[in-house]
Amino acid sequence: MRERRRWNRGDVITYSEEKDGRLWCEIPVTVIDDDGSRLSFRIQVGAEWRAAFTRDGQRAHTWEMDWEVRPVLWVDDDCTYLVSEGDHYGLAYCSPASDSGVSKFYVNIQEPLSWTDRGFESLDLELDLVLHRDDQAARWKDLPMFNQLALHTQMTPKRKAELLCQARRARELIESPTVQAELLNLAGIELPPRVRLGA
């Protein structure tokens, strides 16, 4: 990762993803802490962002070729993320915006962060883990989608094995009481109200 500025709590920066040289998604996030090697931030309910959709209005997967970026609102959960430099995963705690939702710990398997002048870039790799507060073990959320990505992008067996190894490491971390306590502490930090792109 290149030299970059360190962000302060409350700074609104942009998390973006590109696919085949085109914008795939872009969302404003609010910084909680940044020590130069680990970044924590929150995606807040109500955030206005942009995401890739198929022509029939469904959220697109990264192996699809015919898609367009549309404006959308972030709904359901406030998601507090902790991402370390060089890792292929982000660890998160997601708290529902309403009493009907269920809080959960979450892992997003993704490309390592790269820094931009406005924030950072990554790319989702279609493989997540979910651990509800009352459960003891995390479960794979979309392993079949990851296998589809591997098939459609002709992912090498070596790279697939490396990513699954990273995912197993992330699973150990998200099941750790120490990591869970850190995420809960970060999630309890108050931040300014939701933000929009360009704010």
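Worth saying up front: this structure is predicted, and the values here are computed from it rather than measured. (Residues numbered from 1 in each chain as written. Predicted model: local features only at pLDDT ≥ 70, side-chain atom pairs only at ≥ 80, totals over all residues. Heavy atoms only, no water.)

Peer 1: Help me out: how do you make sense of the nonpolar core in this one?
Peer 2: Taken as a class, soluble globular proteins show a tendency for nonpolar side chains to be buried jointly. In terms of nonpolar packing, the biggest core is built from 30 residues, with Val29, Leu39, Phe41, Tyr81 and Phe120 touching the most fellow members. Elements supplying a minimum of two residues to this core: strand S1 (12–19), strand S2 (22–34), strand S3 (38–43), strand S4 (48–54), strand S6 (77–84) and strand S7 (89–96). Those residues in contact with Phe120 that sit more than four places away from it in its chain are Ile13, Thr14, Tyr15, Ser16, Val29, Leu39, Phe41, Leu113, Ser114 and Trp115. Listed in part, the 29 residues of the second largest apolar core include Leu129, Ile174, Leu186 and Leu191. (Core = buried A, V, L, I, M, F, W, Y, C linked by side-chain atoms within 4.5 Å. Buried < 20%, exposed > 50% of the residue type's maximum accessible area, 1.4 Å probe, protein only. Helix = DSSP H or I, 4+ residues; strand = E, 2+ residues; numbered from the N terminus. Contact = heavy atoms within 4.5 Å.)

Peer 1: Is there a simple way to explain the packing of aromatic side chains in this structure?
Peer 2: The description of two aromatic rings rests on the distance between their centres and on the angle between their planes. This model, assessed by the stated rule, comprises seven aromatic pairs. Ring geometry for Phe41 and Phe120: centres 5.2 Å apart, planes at 50 degrees, overall tilted. In this pair, Phe41 sits in strand S3 while Phe120 sits in strand S10 (residues 119–122), placing the two residues 79 residues apart along the sequence. Their ring planes at 75 degrees and their centres at 6.1 Å tell us that Trp115 and Phe120 sit as a pair that is edge-to-face. For the pair Trp115 and Phe120, one class covers both residues: buried. An aromatic cluster is built from Tyr15, Phe41, Tyr81, Trp115 and Phe120, whose rings are joined through pairwise contacts. (Phe/Tyr/Trp six-rings, centres within 6.5 Å; stacked < 30°, edge-to-face > 60°.)

Peer 1: Could you clarify how one ought to interpret the pattern of salt bridges in this entry?
Peer 2: Where charged atoms from two side chains of opposite charge come close, those side chains can pair. Scanning all chains against the criterion turns up twelve salt bridges. In this structure, Arg5 engages Asp11 in a salt bridge whose closest nitrogen and oxygen atoms are separated by 3.7 Å. Take Asp11: its relative accessible area is 21%, and that puts it in the partly exposed class. Of the charged contacts, one joins Glu175 and Arg171 as a salt bridge, the two residues approaching to 3.4 Å between their closest N and O atoms. With relative accessibility at 28%, the residue Glu175 sits in the partly exposed group. Classification of Arg171 as partly exposed rests on a relative accessible area of 26%. Salt bridges sharing common partners tie together Arg55, Asp66, Glu68 and Arg70. (Salt bridge = Lys/Arg side-chain N within 4 Å of Asp/Glu carboxyl O.)

Peer 1: Mind showing me how you'd approach the pairing of strand S11 (residues 124–132) here?
Peer 2: Within a regular strand, the side chains alternate between the two sheet faces. Most of S11 is tucked away: eight of the nine residues are buried. Bridging between strand S8 (residues 104–110) and S11 involves seven bridges; their strand directions are antiparallel. Paired with Lys104 across the two strands is His132, which belongs to S11. By the bridge criterion, two bridges tie S11 to strand S12 (residues 139–140) in an arrangement that is antiparallel. Counterpart to Leu129 in the pairing with S12 is Trp140. With antiparallel pairing between neighbouring strands as the criterion, S11 and S12 make up a hairpin whose turn holds six residues. (Pairing = 2+ DSSP bridges.)

Peer 1: Just to check I follow, could you spell out helix H1 (residues 143–152) for this structure?
Peer 2: Here H1 has its buried residues at Phe146, Leu149 and Ala150. For H1, the buried positions fall inside an angular range of 100 degrees around the axis, keeping them on one side. Looking at H1, the residues exposed on the side facing more than 90 degrees away from the buried face are Pro144 and Leu151. The secondary structure elements touched by the buried residues of H1 are S11 and helix H2 (157–174). At the exit of H1 stands Gln154, carrying a positive phi of roughly 55 degrees. (Arc of directions from axis to C-beta.)

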